[in-house]
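# Commentary on secondary and tertiary structure
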Amino acid sequence: MSVANEDLISAATDARRNAYNRYSNYSVGAAIVDDRGHLHVGCNVENAAYPLGSCAEASAIGAMVQQGGKRIVKIAVVGGAGDIGPCTPCGGCRQRINEFADKETVILAIDDSGDWQEYSIDDLLPASFHLP
Ligand code: THU
């Protein structure tokens, strides 16, 4: 089952509205289509102990795994505001996505005006770390 980019972006945008971002005031939403065509969403959840905050992608991946999804077919990440461009996944989230991504996995980075850029995991994390 394929999900249109617009529908996935809309799910990530909805999730973004629930971001708990009282320290950075930066909202991020993520939405994943898994290998069964199921949808999973997440938002960033910050914490007074700053390093404990979690990214939107981490929340969405956790939801996918908990629901039995095995692979990420497509992931949309919505963030950015004003003159800040689309929210591309941070370094840690690139590695998190890599764990469940294939060569064909589509990664969409969207700004809050709805413009998006499309990447593969090889674009974002070349020569990535894998265990044998
Ligand atoms: N953030 C994400 O949720 N995903 C990313 O890929 C980049 C950053 C969050 C973490 C923090 O809550 C806020 O954005 C500012 O860094």
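Details of the structure are given in the entry above.
Residues numbered from 1 in each chain as written. Predicted model: local features only at pLDDT ≥ 70, side-chain atom pairs only at ≥ 80, totals over all residues. Heavy atoms only, no water.

### Regarding the site of the ligand
Surrounding the ligand, one finds S24, Y26, V28, N44, E46, C55, A56, E57, T88, P89 and C90. N44 places a polar side-chain atom, nitrogen or oxygen, 2.9 Å from an oxygen atom of the ligand. Compared with its free state, where it exposes 380 Å², the ligand has 77% of that area covered by protein. Of the pockets mapped on this structure, the ligand occupies the largest pocket. Each residue belonging to the shell around the ligand can be placed in one class, and the counts come to six nonpolar, three polar and two charged. (Near = heavy atom within 4 Å. Polar contact = N/O pair within 3.5 Å; in protein donor to acceptor, adjacent residues only side chain to side chain. Areas by Shrake-Rupley, 256 points an atom, 1.4 Å probe, with all protein chains shown as cover. 1 Å grid on protein atoms, 1.4 Å probe; cavity = no way out; pocket = protein on both sides within 12 Å on 5 of 7 lines; lining within 4 Å. Sits in = over half its atoms within 2 Å of the grid points. Nonpolar A, V, L, I, M, F, W, Y, C, P; charged D, E, K, R; others polar.)

### Points about the environment of R17
If you trace the backbone, R17 turns up in the loop between helix 1 (5–16) and strand 1 (29–34). On the accessibility criterion, R17 (61% relative accessible area) is exposed. A polar contact is formed between the side chain of R17 and the side chain of D14, at a distance of 2.5 Å. (Helix = DSSP H or I, 4+ residues; strand = E, 2+ residues; numbered from the N terminus. Buried < 20%, exposed > 50% of the residue type's maximum accessible area, 1.4 Å probe, protein only.)

### Focus: helix 2 (residues 56–66)
If you check which residues of helix 2 are buried, you get A56, E57, A60, I61 and M64. Buried residues of helix 2, seen end-on, are gathered within an arc of 130 degrees and therefore sit on one face of the element. Residues of helix 2 that are buried in the fold lie against strand 1, strand 2 (39–43), strand 3 (72–78) and helix 3 (91–100). Two residues or fewer past helix 2, G68 is found with a positive phi of approximately 95 degrees. (Arc of directions from axis to C-beta. Contact = heavy atoms within 4.5 Å.)

### Considering a nonpolar patch on the surface
Together, Y20, Y23, V45 and Y50 make up a nonpolar patch on the protein surface, roughly 410 Å² of accessible area in all. With respect to the helices and strands, Y20 occurs in the loop between helix 1 and strand 1. Overall, Y20 belongs to the partly exposed group, its relative accessible area being 40%. (Patch = residues over 30% accessible without salt bridge, like charges linked within 9 Å, V, L, I, M, F, W, Y side chains within 5 Å. Salt bridge = Lys/Arg side-chain N within 4 Å of Asp/Glu carboxyl O.)

### So, the sheet that holds strand 1
Strand order in the open sheet formed by five strands is 2-1-3-4-5, and the pairing between neighbours is mixed. Among the strands making up the open sheet, the edge pair consists of strand 2 and strand 5 (116–119). Here the strands of the sheet are splayed against their neighbours by 15 degrees on average, with no regard to which way each runs. With five bridges connecting them, strand 1 and strand 2 associate as antiparallel partners. Within strand 2, the position partnered with V33 by the bridge is L39. Contacting strand 1, strand 2 and strand 3, helix 2 crosses the sheet at an angle of about 145 degrees to strand 2. (Pairing = 2+ DSSP bridges. Axes fitted to C-alpha atoms, helices over the stretch in contact; angles between N-to-C directions.)

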